[in-house]
Amino acid sequence: MKTNPLSQRDKEHLWHPLTQHKLSGDMLAIVKAKGALLYDEQGKEYIDGISSWYTAVYGHCNEKITAKVAAQMQELDQVVFSGFTHEPAVALSEALIDILPANQQKLFFSDNGSTATEVGIKMALQYHHNLGNDRKVLLAFEEGFHGDTFGAMSVSGLSVYNGAFEDHFLKVLRLPVPVGDNNAEVLDLLKKLISEENIAGFIYEPLIQGAAGMKLVDPEGLEEILNICKQNGILTIADEVMTGFGKTGKNFASDHLLTKPDIICMSKALTAGLLPMAITSCTMEVYDAFYSEDLAKGLFHGHTYTANPLACTAALAGIGLLKSGEIQDDIRRVMASHSAFKERIKDHPKVRNLRQLGVILAFELNVEMERYGSLRNRLFEHFMKEGVFLRPLGSTIYIAAPYITTNEQLEKIYTSIEAALEKF
Ligand SMILES: *Cc1c(COP(=O)(O)O)cnc(C)c1O
């Protein structure tokens with residue numbers, strides 16, 4: 001039997017995501033998670049201040065979810081979703097359509113956020129192809145992030161480390177994010193691009209760009225962009241992989257806007273942090289462009305684990321929680337708590353661009369830092385030492401903790417941030 005700690009055994013065969021192993025230290029072994037807490041091999045606990053990449057929003061190992069998945073596991077574990085269907089998928093579709101913007105009518109399953117956007121991109125391109133429109137170009141925001149598969153990488157503006165693949169990308173035009181005072185310029189550029197190119201679809205993170213460092217998008221500017229796209233036959237694809245399921249204070253970020261997208265990409269909190277799954281939803285109009293006697297007009301995309309019954313069960317339980325009075329109260333409580341914390345640090349000389357959207361709070365530390373540089377790593381270490389798991393993006397510190405994080409736990413996150421303001 002091996003007795004080495006996990007972090008040592010890990011090094012033997014494992015290759016971790018977003019990691020240059022020659023420059024990185026040992027991986028921290030997590031042995032248990034409960035509620036807002038993660039526990040390491042030594043028994044030290046950490047508040048999961050980013051909900052494990054925005055997934056575990058109702059808390060880790062939430063029994064209201066795990067019990068249902070455990071029961072489902074005894075009934076039906078996995079079955080092909082091409083030619084077959086099952087109760088967890090049907091029940092999930094009914095529950096999800098109920099909370100999605102009203103124009104969303106059809107759901108297509110895949111496995112993760114990248115495949116959700118990949119499917120959205122393919123829907124937009126094939127929609128025009130099926131209708132006989134010559135539209136092959138996509139439009140996306142600068143600094144957007146949509147995932148790591150080829151279509152998703154192509155539309156992502158954040159591609160600092162994608163150099164090896166750039167020659168193989170789809171053709172994508174870029175639009176700066178409207179932030180209020182640049183709206184007129186952004187709209188002018190949009191109109192110019194539309195006059196020059198045949199744009200099939202516009203993909204965007206609604207209201208807040210996650211990986212870019214929780215950057216806010218001006219809602220009015222975005223609304224106008226969406227309207228202009230609609231008027232020009234450009235399908236709008238909302239990437240709600242990060243923003244979906246309550247993080248912005250509403251079920252979806254698109255709920256804050258009047259103009260609804262044609263396509264919505266979901267993953268991350270969709271399955272409440274339990275299992276990987278994604279859904280790309282669309283309007284009847286999009287679906288109808290694929291509905292045909294011509295076989296080739298169908299969407300010939302499919303993953304082996306499509307609509308896995310266990311993942312569907314977790315997602316259905318998650319939606320049940322999201323709609324519950326307790327979770328809605330929790331969301332409001334965390335939002336109010338963040339607002340109060342903002343007052344505490346807003347005048348601190350090291351705090352720049354303090355902002356909040358729903359349960360997400362972010363600001364830039366007024367200190368020069370590279371995205372994955374050593375000072376940023378020291379900042380990360382500082383939080384971990386304090387028992388708080390935050391993952392600063394360069395000098396951007398942000399909180400996206402589970403909705404069920406207690407007031408005491410929130411306070412512990414805040415004091416660890418205040419300590420960082422003094423130390424760095
Ligand atoms: C995380 C993320 C993705 C990619 O999801 P994966 O599950 O990591 O492939 C895509 N879009 C947005 C907005 C994300 O935050």
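The shown structure was predicted, so the numbers you read here are calculated from the model rather than taken from an experiment. Within any chain, residue numbers begin from 1 and follow the written order of that chain's sequence. Restriction of local features to residues with pLDDT of at least 70 applies here, the model being predicted, together with a cutoff of 80 or more for giving and counting side-chain atom pairs; totals for whole chains, interfaces and linings are based on all residues. The basis for every side-chain value is the complete set of heavy atoms in the structure, and neither hydrogens nor water enter the calculation.

**Here's the deal with helix 5 (residues 113-130)**
Only DSSP runs of H or I with at least four residues qualify as helices, and only runs of E with at least two residues qualify as strands; both kinds are numbered from the N terminus onward. Residue count minus one, scaled by 1.5 Å, sets the expected span of a helix. The first and last C-alpha atoms of helix 5 sit 25 Å apart over 18 residues, in line with the 26 Å expected at 1.5 Å per residue. To sort residues, take the accessible area from a 1.4 Å probe on protein chains only and compare it with the maximum for the residue type: under 20% means buried, over 50% means exposed, and anything in between is partly exposed. Among the 18 residues of helix 5, 15 are classified as buried, and the element is accordingly described as predominantly covered. N or O atoms closer than or at 3.5 Å make up a polar contact, with two conditions inside protein: a donor-capable atom paired with an acceptor-capable one, and, for residues adjacent in sequence, both atoms drawn from side chains. Here helix 5 starts with a cap whose side-chain oxygen sits 3.0 Å from the backbone nitrogen of Ser-114, and that cap is Asn-112. Taken from the residues just after helix 5, Gly-132 is the one with a positive phi, measuring 80°.

**Points about the site of the ligand**
Only heavy atoms are used to decide nearness, and a residue is near a molecule or strand if one of them lies within 4 Å of it. If you check the shell around the ligand, you find Asn-112, Gly-113, Ser-114, Phe-145, His-146, Gly-147, Glu-205, Asp-239, Val-241, Met-242 and Lys-268 and nothing else. Between the ligand and Asn-112, the relevant distance is 3.4 Å, taken from an oxygen atom to a side-chain nitrogen or oxygen of the residue. In the model, an oxygen atom of the ligand is placed 2.8 Å from a nitrogen or oxygen of the Gly-113 main chain. We get accessible surface area from the Shrake-Rupley algorithm with a probe of 1.4 Å; when it comes to residues, only the shown protein chains can shield them. In isolation the ligand exposes 380 Å². Once the protein is present, 82% of that is buried.

**Considering the domain arrangement of the chain**
Boundaries of every domain are those given by an automatic assignment or by a domain database. According to the domain assignment, the chain contains domain 1 (6-61 + 325-423) and domain 2 (76-322). The partner domain 2 presents 24 residues to the 23 residues of domain 1 that form the contact. The term buried area means the drop in 1.4 Å probe accessible area that two parts suffer when joined, counted for both and summed. Its largest share of buried area at the contact with domain 2, domain 1 owes to Tyr-54, Tyr-58 and Leu-357, together 32% of the area lost on that side. Salt bridge criterion: a side-chain nitrogen from Lys or Arg within 4 Å of a carboxyl oxygen from Asp or Glu. Applying the counting criterion to the domain 1 and domain 2 interface returns 0 salt bridges. Note on contacts: a residue pair is in contact if any heavy atoms of the two residues lie within 4.5 Å.

**Here's the deal with the sheet that holds strand 13 (residues 351-357)**
Paired through their backbone hydrogen bonds, the strands of a sheet run either parallel or antiparallel. Between any two strands, pairing holds if DSSP finds at least two bridges. Read across the open sheet, the 3 strands follow the order 13-14-16; overall the sheet is antiparallel. With partners counted over all chains shown, the strands left at the sheet margins are strand 13 and strand 16 (396-399), one partner each. The average angle at which neighbouring strand axes cross in this sheet is 15°, direction not considered. Relative to strand 16, strand 14 (residues 360-365) is paired through 4 bridges, and the arrangement is antiparallel. Bridge pairing links Phe-363 to Ile-397 in strand 16. What counts as an axis is a line fitted to C-alpha atoms, over the stretch in contact for a helix, and the angles between N-to-C directions run from 0 to 180 degrees. Lying over the sheet, helix 11 (residues 325-345) contacts strand 13, strand 14 and strand 16, oriented at roughly 165° with respect to strand 13.

**A look at the nonpolar core**
Here, the term nonpolar core denotes a set of buried Ala, Val, Leu, Ile, Met, Phe, Trp, Tyr and Cys residues that are joined through side-chain atoms within 4.5 Å. Within the largest apolar cluster, 101 residues are counted, with the highest numbers of intra-cluster contacts made by Tyr-58, Leu-96, Phe-202 and Phe-245. When residues in this core are grouped by element, the largest group, 9 residues, is from helix 10 (residues 309-323). When we break this core down by domain, the ones giving at least three residues each are domain 1 (6-61 + 325-423) and domain 2 (76-322). For Tyr-58, the contacting residues outside a window of four places in its chain are Ile-65, Phe-245, Ala-269, Ala-272, Gly-318, Leu-321, Leu-322, Ile-327, Tyr-403 and Ile-404.

**A word on the packing of aromatic side chains**
Put simply, two rings from Phe, Tyr or Trp (the six-membered ring, in Trp's case) pair if the centres are within 6.5 Å, and we call them stacked under 30 degrees between planes, edge-to-face over 60, tilted for the rest. For the structure shown, the criterion picks out 10 aromatic pairs. Ring centres 5.7 Å apart and planes at 85° place the aromatic pair Phe-150 and Phe-165 in the edge-to-face group. Of this pair, Phe-150 sits in helix 6 (residues 150-155) while Phe-165 sits in the loop between helix 6 and strand 6 (172-175), and the two are 15 residues apart along the sequence. Using a relative accessible area of 33% as the deciding quantity, one classes Phe-165 as partly exposed. A network of ring pairs unites the aromatic residues Phe-141, Phe-202 and Tyr-204 as a single cluster. As a reminder, the over-ring test applies to NZ of lysine and CZ of arginine, requiring each to be within 6 Å of the ring centre and within 35 degrees of the ring normal. Taking NZ or CZ as reference, Lys-106 lies 4.4 Å from the ring centre of Tyr-287, over its face.

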